Amino acid sequence: MMRLNDAPFVILPEETAPPDIQLCDRCELSKQRSRVIWGEGNPEAKLMMILDNPGAREDREGQDFLCGTRETLQRGMREAGLATESVYVTYLLKCRPIRAYDKPAAREACSSHLLMQLREKQPLLLFGFGNVVAESLLPLQENISVKELRGAWHDFQGIPIGFTYHPLAVRRRPNLMKNFTEDLAALRKRWEEIRT
């Protein structure tokens, strides 16, 4: 019998960016990208997860590929009892960086895209991963870190938001997996409370 943790990880379906966003040239990433990555997962989900930027979705031969960020995220979600079909995953940056770039300028240029997604999708709950996301979404808090933010709910644009470590940080430091899973379990609990 296959156990839950033995099930294969999945490549979530990608949502196509609006036509005008596909032509965005507000930052230098427009010259690096192969396409704009709007988001992935269930586009109707009211639980939105926010990562810093998209990872690889295809290998060098163009075949579908599950990057370490997505695999670690799905592992944590699975252990926390959070179904992949219940979430929509999006990014601060809508283009995958391939080489060095002006990070603050790119985040500023992309910020209106995320706000547009929030207006259109009207999520009921947000969850951010990593210090970059925390710093970008809560800019008025100085020297902010996920370590301090986790375990509590905050507010972004009138929507409750929680934070945890970035999946790549968890992948590099496996001792963080326990905290990562606990944070995702707290997210599941809050989500269940909101839906009832």
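Look up a bit, the structure's there.
Residues numbered from 1 in each chain as written. Predicted model: local features only at pLDDT ≥ 70, side-chain atom pairs only at ≥ 80, totals over all residues. Heavy atoms only, no water.

Colleague: I'd like to hear about the packing of aromatic side chains, residue by residue, with values.
Modeller: For the coordinates displayed, the defined rule picks out three aromatic pairs. With 5.4 Å between their ring centres and 80° between their planes, Phe127 and Phe129 make a pair best called edge-to-face. On the basis of relative accessibility, which here comes to 2%, the residue Phe127 falls in the buried class. Considering the side-chain rings of Phe129 and Phe180, the 6.1 Å spacing of their centres and the 55° angle between planes classify their relative orientation as tilted. Of this pair, Phe129 sits in strand β5 (residues 125-129) while Phe180 is found in helix α7 (residues 177-195), placing the two residues 51 residues apart along the sequence. An identical accessibility class is assigned to Phe129 and Phe180; each is buried. A cation over an aromatic ring shows up here: Lys94 above the ring of Trp38, its NZ or CZ 5.2 Å from the ring centre. One cation-aromatic arrangement involves Arg190 over Trp153; the distance from NZ or CZ to the ring centre is 5.0 Å. (Phe/Tyr/Trp six-rings, centres within 6.5 Å; stacked < 30°, edge-to-face > 60°. Buried < 20%, exposed > 50% of the residue type's maximum accessible area, 1.4 Å probe, protein only. Helix = DSSP H or I, 4+ residues; strand = E, 2+ residues; numbered from the N terminus. Lys NZ or Arg CZ within 6 Å of the ring centre and 35° of its normal.)

Colleague: Give a detailed account of the side chain of Thr90, specifying residues and quantitative values.
Modeller: Mapped onto the fold, Thr90 is located in strand β4 (residues 88-91). Thr90 gets classed as buried once you look at its relative accessible area, which sits at 0%. Excluding residues that lie within four positions of it along the chain, Thr90 makes contacts with Trp38, Gly39, Met48, Met49, Ile50, Leu51, Leu114 and Gln117. (Contact = heavy atoms within 4.5 Å.)

Colleague: If you had to explain the pattern of salt bridges to someone new, which residues and values would you point to?
Modeller: Side chains that differ in sign of charge can pair as their charged atoms come close. Summed over the entire model, instances satisfying the criterion amount to ten salt bridges. Where Arg188 meets Glu192, a salt bridge forms, and the shortest distance between an N and an O atom there is 3.3 Å. Here Glu192 and Arg188 lie together in helix α7, a separation of four residues that amounts to about one turn. The class of Glu192 is partly exposed, set by a relative accessible area of 35%. A salt bridge links Lys189 to Glu193; its shortest N-O distance comes to 3.1 Å. One end of the pair is Lys189 and the other is Glu193, both in helix α7 and four residues apart, which spans about a single turn. When its relative accessible area of 43% is taken as the criterion, Glu193 is described as partly exposed. (Salt bridge = Lys/Arg side-chain N within 4 Å of Asp/Glu carboxyl O.)

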